[in-house]
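Remarks on the overall topology
Next come the chains, spelled out residue by residue.
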Amino acid sequence: MTCYLCGSSDYKVRDGKVRDNDTLDVLECNNCGLVFLSNLGHIDESYYEDSSMSEGLDVKEWLNETCVDDERRFEFVKEMIINKDIIDFGSGAGGFLLKAKEVAKSVTAIELDNKIAEHYKQNNILRVTEINSLENERYDVITAFHVLEHLSEPIEILKLLVFKLKKGGKLIVEVPNSEDALLTIYKNEAFSNFTYWSPHLFFYNSKTLQLLFKKVDGVEMEFVKHIQRYPLSNHLHWLSNNKPGGHQKWGSFIDSPELKKAYEAQLSSIGATDTVVAQLIKR
Ligand SMILES: [Zn+2]
C-alpha cells in the first residue's frame, strides 16, 4: 500500500482499533504524516444513502446533536455568505444551512442520505446528491464540514467543487485532526479504540491538509486554523474513566469560558486540537 498523498510506501501501524471493523489497520505515512485505513475501498455510496451516518436518529435528534457545531460554523462564515450563493457539501441534517439560508442569497445541499429528503423539501432547501447535478452554475462559498475524511478520492472531488466556485470564491473545509492530543500526547487507548471508524478513510492534520490542497489546481490556501470542539472536562473523563461524554457530566463546573479558550489556544500551539479548519480561495 502506498500513501495517497506522497506515494511513499514507508508507513507504520498506529495504535488503536477501528471500532466497527477489526480487519482494518490504521496506518501513518512516515514521510508526510498522512493517516489512513489499510483498505480504502470498503465503503460505497449506498452506505451513506442508507442513513448509516445518522443511524437510529430521527432528523430532530440529529439536528440536536449537531446544533453546537452548526452555530459555531455559522458564526465563522456569517459575514462572507451574506447575499451569496452557497453550497454545503455533505450537509447531513442541514442544521448549518437552516441558519445560513437566513442571510445567504441561495443555499444548496449536497447530501446522499435519503432520510432527510423530505425534511429539506419542507424547509425549502434545494438538495442534490452529486456535484454534477449543479450544471452551469457557479457559487460564492462552498463548505464541507467533516466530509473530506470520508472520501476515497478527495483530490478528484475537490477539483469538482473548486470548478463550481466563482473566481474569488471561498472553500471552507473542517476535518478531525490526526494529531488529537488524546491520540498523540495522552495516548488514551480507549479513545484510540473509539475514534477510528471505518467510514473515516483518511485522517488529516494541518500539514497533510495543505499537501492535499497543493494537488488541487486553481485554489490557494488562505489559512489553516486549529479548533478544539471538546473541552478539558471531556479529556479528563477519557483519562480517568476511558469514556466519552465528560463535558456533559463535568462541563458545568470545569469548563469556564476562560479555561475553554486557554486550553484550545494551548493545544493549537502544539497542533494537537481535535479539529482543523482550512479556508481556500479560488484564483
Ligand atoms: Zn505520505
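Values in this document were obtained by computation on a predicted structure and should not be read as measured data.

1. So, the pattern of salt bridges
Working definition: two side chains of opposite charge can pair if their charged atoms are close together. Under the definition given, this model contains 14 salt bridges. Between Glu 179 and Arg 14 there is a salt bridge, with its nearest N and O atoms 3.5 Å apart. A residue pair is termed long-range when its members are at least 10 positions apart, and Glu 179 in the loop between β8 (165-176) and α6 (181-184) and Arg 14 in the loop between β1 (11-13) and β2 (26-29) qualify at 165 residues. With relative accessibility at 11%, the residue Arg 14 sits in the buried group. Taking the shortest distance from any N to any O, the salt bridge between Glu 71 and Lys 99 comes out at 2.8 Å. Highlighted residues: Glu 71 in helix α2 (residues 59-81) and Lys 99 in helix α3 (residues 95-100), separated in sequence by 28 residues. By relative accessible area, which is 33% here, Glu 71 ends up partly exposed. Connected through shared salt-bridge partners, Asp 69, Arg 72, Arg 73, Glu 174 and Arg 229 make up one network.

2. Topic: the sheet that holds strand β4 (residues 85-89)
Taken in spatial order, the seven strands make up an open sheet running β6-β5-β4-β7-β8-β11-β10, and their pairing is mixed. Since the sheet does not close on itself, it has two edges, and those belong to β6 (126-128) and β10 (219-227), each with one partner. Here the average twist between neighbouring strands, direction ignored, is 20°. Where β8 and strand β11 (residues 275-282) come together, seven bridges link them in antiparallel fashion. Note on β11: the bridge partner recorded for Lys 170 is Ile 281. Relative to β8, helix α5 (residues 154-163) is tilted by about 145°, and along the sheet it contacts β4, β7 (139-145), β8, β10 and β11.

3. Concerning a nonpolar patch on the surface
A cluster of nonpolar side chains, contributed by Ile 185, Tyr 186, Leu 239 and Ile 270, occupies part of the molecular surface with about 350 Å² of accessible area. Mapping Leu 239 onto the fold places it in helix α9 (residues 232-241). Its relative accessible area of 40% is what places Leu 239 among the partly exposed residues.

4. What to know about the sheet that holds strand β3 (residues 35-37)
Two strands in a sheet stick together by hydrogen bonds in their backbones, pointing the same way (parallel) or opposite ways (antiparallel). Read across the sheet, four strands follow the order β1-β2-β3-β9 without closing on themselves; strand pairing throughout is antiparallel. At either end of the open sheet lies a strand with only one pairing partner, and these are β1 and β9 (202-203). The pairing of β2 with β3 spans three bridges and is antiparallel. Opposite Leu 27, over in β3, you have Phe 36 as the bridge partner.

5. Brief notes about α5
Buried residues of α5: Pro 154, Ile 155, Leu 158, Leu 161 and Val 162, and no others. End-on view of α5: buried residues confined to an arc of 120°, all on one side of the axis.

6. Topic: the coordination of the zinc ion
Taken together, the protein ligands of the zinc ion are Cys 3 (SG), Cys 6 (SG), Cys 29 (SG) and Cys 32 (SG), with distances of 2.3 Å. Coordination at the zinc ion comes from four donor atoms whose angles at the metal span 101 to 118°, giving a geometry best classed as tetrahedral. Classification of Cys 6 by relative accessible area gives partly exposed; the value is 31%. Here Cys 29 falls in the buried class, since its relative accessible area comes to 2%.

Criteria and cut-off values
Residues numbered from 1 in each chain as written. Predicted model: local features only at pLDDT ≥ 70, side-chain atom pairs only at ≥ 80, totals over all residues. Heavy atoms only, no water. Salt bridge = Lys/Arg side-chain N within 4 Å of Asp/Glu carboxyl O. Helix = DSSP H or I, 4+ residues; strand = E, 2+ residues; numbered from the N terminus. Buried < 20%, exposed > 50% of the residue type's maximum accessible area, 1.4 Å probe, protein only. Pairing = 2+ DSSP bridges. Axes fitted to C-alpha atoms, helices over the stretch in contact; angles between N-to-C directions. Contact = heavy atoms within 4.5 Å. Patch = residues over 30% accessible without salt bridge, like charges linked within 9 Å, V, L, I, M, F, W, Y side chains within 5 Å. Areas by Shrake-Rupley, 256 points an atom, 1.4 Å probe, with all protein chains shown as cover. Arc of directions from axis to C-beta. Donors = N, O, S within 2.8 Å, 3.2 Å for Na, K, Ca; no water. Tetrahedral: all angles 85-135°; square planar, octahedral: opposite > 155°, others 65-115°.

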